[in-house]
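Chains, contacts and geometry: an overview
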Amino acid sequence: MGRLTTHVLDLATGRPAQGLAVELYRLEAGEHLIAAAVTNADGRLDQPILSGEAMIKGVYELRFQAGAYLA
């Protein structure tokens, strides 16, 4: 089985983006929030945001809450 994760870097500081909220939406018959997480000190998620049996074929969108992070 596959897994989906992300790694976020803050290009303005040249460092990992710690504390950035990430949301995963499934885009089928509308938008459905299926998972949310926050990046750790390394700018990574502690666990995959999608994995195992939940990892099914479809159209997904990762949304990075950059506005809140940059505020």
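Placed above this text is the structure.
The following paragraphs examine the structure supplied in this document. Worth saying up front: this structure is predicted, and the values here are computed from it rather than measured. (Residues numbered from 1 in each chain as written. Predicted model: local features only at pLDDT ≥ 70, side-chain atom pairs only at ≥ 80, totals over all residues. Heavy atoms only, no water.)

1. Side note on the overall build of the protein
Using the following cut-off: Secondary structure elements follow DSSP: runs of H or I of four or more residues count as helices, runs of E of two or more count as strands, with numbering from the N terminus. Under the scheme applied here, a residue whose accessible area is under 20% of the maximum for its type counts as buried, over 50% as exposed, and between as partly exposed, the area being computed with a 1.4 Å probe on protein chains only. Throughout, a contact is declared for two residues whenever any of their heavy atoms are within 4.5 Å. Only the protein chains shown count as cover for residues, with accessible areas throughout obtained via the Shrake-Rupley method and a probe of 1.4 Å. The charge count includes Lys and Arg as positive and Asp and Glu as negative, but it does not include His or the ends of the chains. One atom stands in for each charge, and that atom is NZ of Lys, CZ of Arg, CG of Asp or CD of Glu.
From N to C terminus, the protein includes one helix and seven strands. Scanning the protein from its N terminus toward the C terminus, one meets helices and strands in the order β-β-β-β-β-β-β-α. Once the C-alpha set of the protein is aligned to its principal axes, its extents read approximately 35 × 25 × 15 Å. Taken across its 71 residues, the protein has 23% of its residues classed as buried. Partitioning the intrachain contacts of the protein with sequence separation of at least 6 by distance along the chain shows that 57% fall at a separation of at least 24. Surface exposure of the protein reaches about 4900 Å², of which carbon and sulfur atoms provide 54%. For the protein, the separation between the mean place of its 6 positive charges and that of its 8 negative charges on side chains is 5 Å.

2. Observations concerning the pairing of strand β5 (residues 31–38)
On a regular strand, one side chain projects to one face of the sheet and the next to the other, so that they alternate. How we decide: Pairing between strands is defined by DSSP: at least two bridges between the two strands are required.
For strand β4 (residues 21–27) and β5, the ladder comprises seven bridges, and the chain directions are antiparallel. Across the sheet, residue Glu23 finds its bridge partner in β5, namely Ala36. Between the antiparallel neighbours β4 and β5 lie three residues, among them Ala29 with a positive phi of about 55 degrees.

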